[in-house]
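# Topology and contacts: notes
Listed below, chain by chain, are the residues.
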Amino acid sequence: MNTNLNTEQSIYIQIARKIEDDILRDILAEGEAIPSTNQLAALYKINPATAAKGVNILVDEGILFKKRGIGMFVTEGGKRQIIVKRKEGFYEKYVVSLVREARQLNIDTEELVEMIKRVQHSGQ
Amino acid sequence: MATVLECNGVIKRFGKTTALNGVDLTLDENKIYGLIGRNGAGKTTLLGILAGQNFADEGSVSSYGLPVWENSEVMEKICFSRELSASTAFGPDTRKVKELFRIARIFYPNWDEEYAKRLLVEFKLDIKKPINKLSKGMLSMVSIIIALASRAPITFLDEPVAGLDVMMREKFYQLLLDDYMENPRTYIISTHIIDEASNVFEEVVLVDAGRIMLKRNTEELRAQYAYVSGREDTVSEAIKGLQVVHREGLGKSLTVCVRLNGNEQFEQYDVDVSPVSLQKIFVYLTEQYESTANAAAPALA
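All of these numbers come straight from a predicted model, not from anything done at the bench.

This part takes up the overall build of chain A. Across its full length, chain A carries 5 helices and 2 strands. The order of α-helices and β-strands along chain A, N terminus first, is α-α-α-β-β-α-α. Relative to a compact globule of 124 residues, whose C-alpha radius of gyration would be 14 Å, chain A shows 18 Å and is clearly more extended. Its C-alpha atoms put chain A at 55 × 30 × 25 Å along the principal axes. For chain A, the proportion of its 124 residues judged to be buried stands at 29%. Surface summary for chain A: the accessible area is close to 8000 Å², and the carbon and sulfur share equals 52%. In chain A, which carries 18 positive and 17 negative side-chain charges, the distance between the mean positions of the two groups comes to 5 Å.

The next point concerns the UniProt feature "domain: ABC transporter" (unreviewed entry) in chain B. In the numbering used here, UniProt assigns the feature "domain: ABC transporter" (unreviewed entry) to residues 5-234 of chain B. The span residues 5-234 of chain B carries 33% helix and 32% strand; its end-to-end C-alpha distance comes to 48 Å.

The subject of this paragraph is the confidence of the model for chain B. Should pLDDT be low for a region, the predicted coordinates there are not to be read in detail. Residues and elements named next belong to chain B. This prediction gives chain B a mean pLDDT of 91; 97% of its residues lie at or above 70. Within chain B, the lowest mean pLDDT, 81, falls on strand β7 (residues 87-88), and the highest, 97, falls on strand β3 (residues 32-36). The complex model carries a pTM of 0.87, and its ipTM stands at 0.80.

Looking now at the domain arrangement of chain A. Residues and elements named next belong to chain A. Structurally, chain A comprises domain 1 (11-76) and domain 2 (79-122). Just the C-alpha atoms count here: the centres of domain 1 and domain 2 sit 29 Å apart. With 11 residues of domain 1 at the interface, the matching set in domain 2 holds 9 residues. Carbon and sulfur atoms supply 44% of the area buried between domain 1 and domain 2, which totals about 920 Å² over both sides. Contact with domain 2 buries surface across domain 1, with R17, E20 and L24 losing the most and accounting together for 50% of the total. The interface formed by domain 1 and domain 2 holds 5 salt bridges in total.

Counting residues at the interface gives 18 residues for chain A and 21 residues for chain B. Roughly 1500 Å² is buried in total at the junction of chain A and chain B, and carbon and sulfur atoms are behind 51% of that figure. Counting the surface chain A buries against chain B, the share from its top three residues, K45, N47 and R100 of chain A, is 37%. Taken together, chain A and chain B are joined by 1 salt bridge. Taking the shortest distance from any N to any O, the salt bridge between E220 of chain B and K53 of chain A comes out at 3.7 Å. Put simply, chain A and chain B have 6 residue pairs in polar contact (both at pLDDT 80 or more) between them.

All names here are of chain B. Of the positions making up helix α3 (residues 97-107), those classed as buried are V97, L100, F101 and A104. Buried residues along α3 cover an arc of 100° about the axis, so they all sit on one side. On its buried face, α3 sits against α4 (113-123) and α5 (136-150).

Attention now goes to the sheet that holds strand β2 (residues 17-28) of chain B. Residues and elements named next belong to chain B. Pairing within the open sheet is antiparallel, and its 4 strands lie in the order β2-β1-β4-β5. This sheet does not close on itself; its edge strands, each paired only once, are β2 and β5 (66-67). Pairing of strand β4 (residues 58-63) with β5 involves 2 bridges; the strand directions are antiparallel. Looking at the pairing, S63 lines up with L66 of β5.

This next bit is on the pattern of salt bridges. All names here are of chain B. In total, this model carries 21 salt bridges over all chains according to the counting rule given. One salt bridge in this structure joins R151 and D112, with 2.5 Å as the shortest N-O distance. Note that R151 is positioned in the loop between α5 and β9 (154-158) and D112 in the loop between α3 and α4, a separation of 39 residues in sequence. Relative accessible area serves as the criterion here: at 16%, R151 is assigned to the buried category.

This part is about the sheet that holds strand β10 (residues 186-190) of chain B. Residues and elements named next belong to chain B. Reading across the sheet, the 6 strands line up as β6-β9-β10-β3-β11-β12 and stay open at both edges, with mixed pairing between neighbours. Each of the sheet's edge strands pairs with one partner strand only, and the pair in question is β6 (78-81) and β12 (211-217). Put simply, the sheet's adjacent strands are angled 15° from each other on average, direction ignored. In this sheet, β10 lies alongside β3 in parallel orientation, the contact comprising 4 bridges. Counterpart to Y33 in the pairing with β10 is I188.

Below, the discussion takes up the domain arrangement of chain B. Residues and elements named next belong to chain B. Each domain of chain B was delimited in the assignment, giving domain 1 (3-220) and domain 2 (224-296). Its C-alpha centre places domain 1 at a distance of 34 Å from the equivalent point of domain 2. Between domain 1 and domain 2, the residue contacts involve 18 residues of the former and 9 residues of the latter. In total, about 1200 Å² of surface goes out of reach between domain 1 and domain 2, with carbon and sulfur atoms giving 62% of it. There are 1 salt bridge connecting domain 1 and domain 2. R38 is the partner of E290 in a salt bridge, and the nearest nitrogen-oxygen pair spans 3.0 Å. At the junction of domain 1 and domain 2, the tally comes to 6 residue pairs in polar contact (both at pLDDT 80 or more). When contributions to the side of domain 1 that touches domain 2 are tallied by element, the ones reaching two or more residues are β11 (203-208), β12 and α7 (218-223). Ranked by residue count, the leading element in the side of domain 1 that touches domain 2 is β12, at 5 residues.

What counts and how
Residues numbered from 1 in each chain as written. Chains lettered and ligands numbered in written order. Predicted model: local features only at pLDDT ≥ 70, side-chain atom pairs only at ≥ 80, totals over all residues. Heavy atoms only, no water. Helix = DSSP H or I, 4+ residues; strand = E, 2+ residues; numbered from the N terminus. Rg over C-alpha atoms; globule rule 2.2 N^0.38 Å. Buried < 20%, exposed > 50% of the residue type's maximum accessible area, 1.4 Å probe, protein only. Areas by Shrake-Rupley, 256 points an atom, 1.4 Å probe, with all protein chains shown as cover. Lys, Arg positive; Asp, Glu negative; His and termini not counted. Charge placed at Lys NZ, Arg CZ, Asp CG, Glu CD. UniProt positions renumbered as here; feature names shortened; annotations may be inferred. pLDDT = per-residue confidence, 0-100. Domains from an automatic or database assignment. Contact = heavy atoms within 4.5 Å. Buried area = accessible area lost by both parts, 1.4 Å probe. Salt bridge = Lys/Arg side-chain N within 4 Å of Asp/Glu carboxyl O. Polar contact = N/O pair within 3.5 Å; in protein donor to acceptor, adjacent residues only side chain to side chain. Arc of directions from axis to C-beta. Pairing = 2+ DSSP bridges. Axes fitted to C-alpha atoms, helices over the stretch in contact; angles between N-to-C directions.

Take a look at the structure:
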């Protein structure tokens, strides 16, 4: 897990997102236990209550589930759920800001599409 | 959540100065609180009164339902590790470090000698040295070790990192969190170096001019404010109806810090929205608090 937190977002949202990233990259497999709240708090040097809040966001969304007295686990189908959720946010978070910046720089639609194709072809 | 310490209507005067001007505060079990305020805001006075080391002129302080003042049963549950200084009112403090540890061992029933020894090694502190021969950083370490090893259910640290370099400050917060997770307790930690500590505080208590300005969950407080910047007219349009706590402009550009109400639609405007650090929130709220306090005060003759 990448251990750098930024100041751009609430800490617990970043914790939730980092767990999601690890699930997307198969670092955490479905059915597998995630690190404990205390482990996360120690890793990121944050209050354990904040770490717990981040984990609980994913429990509420059904991406993680709690086994009483054992810990938190990745739900079967959790990875798919993250992909679906992030796709919904993709337009707002990336496409809108991409188009807005392009407009500021007077990059027209044709040029923008050309740039996207260039990235895809270079295999990045 | 259980309340471990509570004060109501606390007023403390020193001569003509009112150091605390009606403080109400309730602390929950096993939370880490950050106490933030400018110099002279009343932080140390408040901690002294909460710990029963000083009395309030008015108001009450109770812990676990019992009054704190002159109550040894309660006071041994509260450790207030003050900032040490090389000299006392009676001249240089020539006591050795180990003497302070001996006193702490007697006073705090939960004192953990093994842990204290481990911390001494960790901080490379020589217990045979007299207090007045310690550097500022070493003085900070002594009060940190006493506070941590006291294992008191309520522990106060007043400016614990003031004399420490950046490496030692990181180490301190790491040690604090490690121990807190193994042995949870209630902490109040005052500090001027706000942003590096803010992730450790579950709640922050902002004090100014002898009053509690605000007490809030740290993350919730941070999420409540944002910078909005862009062209002056666009920004003004985008933030209509929101409370502005800070504003700075340059030519036609404007950046404001606003208090969000949760249903902003900034996407429809050509503005940048970015988060505000806890330190900046503290600065803006204090400025605002002081300007309204001054406006409300009667004009001087």
